[in-house]
Amino acid sequence: MDAGAEAVFTASQALLALLSRLEIRPQAVAGHSTGEYSAFLASGTIEVDSEGQLIDHILDLNGIYERLAAQGQIPQAVLVAVGAADRNLVSSVVEQSNGALYVAMDNCPHQVILCGTEQTATPAIEQLQHKGAICNVLPLNRAYHTPLFEPVSNALRAFFERLTIVSPKINVYSCVTAQPYPQD
């Protein structure tokens, strides 16, 4: 996971550079998760004056994660992909955890990612599998998309406040809502 964001960003920027050289201009852009950084750059939402400034932004962002990791501020958790389960059952299992288990990602009508501690995830997996759900523990352990990830979210907010953000030249669509981000 530590190199995942960099790999996605590098691949996205390489594809954008190739398309630009071929003079193919998008009418809209979207990015999934860390791919949204590239979507914001492609749309002109994040203004970058030079390659050096882009590198400085990347180093700043990487520094956030390195600093938080060194301070033990990146919350660890168990992430479980749950498929082929009745949504009411999944909701019930989450509610029974009394705030210790979260729906971290709602990927599609038939799959969600649950997030919690090993102590909360293990009985949830057993309960869901007993009712026919397909559960897979994911090979990453960060509490993404949950209130537990607040220390990282706060640091990212400060990072974005340091950037020059302007109205996009190309519409950027949210991977969460499938709607364009507002022009402001």
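Up top is the structure.
Here the structure is a predicted model, which is why all the values come from computation and not from measurement.

Draft legend 1. How the structure looks around the sheet that holds strand 5 (residues 111–116). Overall, antiparallel pairing links the four strands, which are arranged 4-5-3-6 in an open sheet. Two strands in the sheet have a free side with no partner beyond their single neighbour: strand 4 (101–108) and strand 6 (134–137). When the angles between neighbouring strand axes are averaged without regard to direction, this sheet yields 25°. Note that strand 3 (residues 78–83) and strand 6 share four bridges and pair antiparallel. What sits directly across from V80, in strand 6, is V137. Contacts from helix 5 (residues 118–130) reach strand 3, strand 4, strand 5 and strand 6 within the one sheet, and its direction differs from that of strand 3 by about 15°.

Draft legend 2. Representation of the packing of helix 1 (residues 4–21) against helix 2 (residues 35–43). One can describe the packing of helix 1 onto helix 2 by two numbers: an axis separation of 8 Å at closest approach and a directional angle of 30°. In terms of axis orientation, helix 1 runs roughly parallel to helix 2. Note that helix 1 runs across helix 2; the crossing there is right-handed. Residues V8, F9, S12, Q13 and L16 of helix 1 lie in contact with helix 2, whose contacting residues are G35, Y37, S38, L41 and A42.

Draft legend 3. Local environment of the environment of Q73. Counting through the fold element by element, Q73 comes out in the loop between helix 3 (51–70) and strand 3. Given a relative accessible area of 35%, Q73 falls into the partly exposed group. When the C-alpha positions of Q73 and R21 are compared, they lie 41 Å apart, and in sequence the two are 52 residues distant. Other than its neighbours up to four places away in sequence, Q73 contacts L68, P151 and V152.

The rules behind these values
- Residues numbered from 1 in each chain as written.
- Predicted model: local features only at pLDDT ≥ 70, side-chain atom pairs only at ≥ 80, totals over all residues.
- Heavy atoms only, no water.
- Pairing = 2+ DSSP bridges.
- Helix = DSSP H or I, 4+ residues; strand = E, 2+ residues; numbered from the N terminus.
- Axes fitted to C-alpha atoms, helices over the stretch in contact; angles between N-to-C directions.
- Contact = heavy atoms within 4.5 Å.
- Parallel < 35°, antiparallel > 145°, perpendicular 65-115°, else oblique.
- Left-handed = near helix turned anticlockwise from the far one by under 90°.
- Buried < 20%, exposed > 50% of the residue type's maximum accessible area, 1.4 Å probe, protein only.

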